[in-house]
Amino acid sequence: MDLPPVGLGTMGIDDPGAVATAVSVGYRHLDTARIYDNEAVVGDGLAAGLADGDLDRGDVTVATKLWTDDLAAGAVAPAARESADRLGVDAIDLLYVHRPRGDYDPETTLPAIDRVGDDGLVRNVGVSNFEVADLDRAIEVLGRPPAAHQTELHPLFLRPELLGHAREHGYPVVAYSPLAGGRVREIDAVAAVAEAHDATPEAVAIAWAAAKEPVVTIPKASSEAHLRANLAAADLELTDAEVAAIDAVEREEELFPE
Ligand SMILES: NC(=O)c1ccc[n+]([C@@H]2O[C@H](COP(=O)([O-])OP(=O)(O)OC[C@H]3O[C@@H](n4cnc5c(N)ncnc54)[C@H](OP(=O)(O)O)[C@@H]3O)[C@@H](O)[C@H]2O)c1
């Protein structure tokens, strides 16, 4: 998939106005999930943002995720239908397996999602929180790479083997919690690079992640100021030495472990 360097993470957003503002200021990738309980909020915001900007539905990629109890073969289609209805869209652009847990069985879950795709309800099948072995199995079953892999990635948590796998098989990595849930400003190496560029630590974290092939980011933001700043952060160019300094941060903080 061709995803923009910065999309909008919506976990915790309960105001359609924030989503509408995001679309109006230029966001073209919205990320939600059934488990965030805000698909209707995202759908309402999307509709308002499209109307406000005189945009077409096809201008914005809408992604959502099947939770672990949506993954039995017979549960996939109804869950996808319900998500699309809550979002108010005819088709979901990117439907992820949220985690390979619960009712997930690659042999049955992935073909079931593919069938929903054949029906036109889902345009692309993605995976999230997969390990390399899970990714390899998914590729075997699907007969192609996933459309995207959404995984945690920020200066306190980086999994080079997942980036290597994505590069090898040619699919994008969607970096979630790229601001470490708002904690990037506590990291000295990030703050130092930010000072050198007269930028914020949040902008540096986004630029650092987006500089890694094949990574795009989905920071969550609610205010117009944060939304605009995060979108602009993709234009911030870091030197190789600055990227390396942040790469060297001791990583230990997985925000969303199993
Ligand atoms: N697949 C998965 O299992 C999974 C798991 C976790 C998250 N995700 C996705 O990833 C998205 C992002 O992750 P996240 O929500 O955990 O956290 P995040 O994007 O790393 O951080 C969000 C926090 O940073 C603040 N912030 C945003 N822009 C800022 C700026 N320019 N300056 C200062 N503070 C700023 C936000 O505050 P304000 O809201 O006040 O702007 C919010 O408190 C989620 O919304 C979700 O879509 C996926």
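Counting restarts for each chain: residues are numbered from 1 in the order of the written sequence. In keeping with the predicted nature of the model, local features appear solely for residues at pLDDT of at least 70, side-chain atom pairs appear and are counted solely at 80 or more, and the whole-chain, interface and lining totals rest on all residues. Hydrogens and waters are ignored; side-chain quantities use all the structure's heavy atoms.

A. Quick look at the overall build of the protein chain. Only DSSP runs of H or I covering at least 4 residues are called helices, and only runs of E covering at least 2 are called strands; the numbering of each starts at the N terminus. What the protein chain contains, in helices and strands, is ten helices and eight strands. Against the compact-globule benchmark of 18 Å for 258 residues, the protein chain has a radius of gyration of 18 Å, which places it among compact chains. For the protein chain, the spread of C-alpha atoms along the principal axes amounts to about 55 × 45 × 25 Å. When each of the 258 residues of the protein chain is scored for burial, the buried share is 52%. Throughout, a contact is declared for two residues whenever any of their heavy atoms are within 4.5 Å. A fraction of 75% describes how many contacts in the protein chain between residues 6 or more apart in sequence connect residues 24 or more apart. Carbon together with sulfur atoms contributes 47% to the accessible area of the protein chain, which is approximately 10,900 Å² in total. When we talk radius of gyration, it's over C-alpha atoms, and the globule rule is simply 2.2 Å times the number of residues to the 0.38. Burial classes: relative accessible area under 20% of the type maximum marks a residue as buried, over 50% as exposed, and values in between as partly exposed (1.4 Å probe, protein chains only). Note on areas: Shrake-Rupley, 1.4 Å probe, and residue coverage restricted to the protein chains presented here.

B. Inspection of the pairing of strand E3 (residues 61-66) at higher detail. A large share of E3 lies buried, amounting to six of its six residues. Here E3 shows no split at all, with Thr61, Ala63 and Lys65 on one side and Val62, Thr64 and Leu66 on the other all buried. A strand pair is defined by DSSP finding two or more bridges across the two strands. Examined bridge by bridge, strand E2 (residues 29-31) and E3 share three bridges and lie parallel to one another. When the sheet's bridge partners are listed, Asp31 is paired in E3 with Ala63. Looking down the strands as they point away from you, a crossover is right-handed if its path from the first strand over the helix to the second goes clockwise. Note on the crossover from E2 through helix H2 (residues 39-53) to E3: the handedness is right-handed. Taken together, the four bridges between E3 and strand E4 (residues 94-97) define a ladder with parallel strand orientation. Across the sheet, Lys65 pairs through a bridge with Tyr96, a residue of E4. Once the chain exits E3 it traverses helix H3 (residues 73-87) before rejoining the sheet at E4, and the crossover so formed is right-handed.

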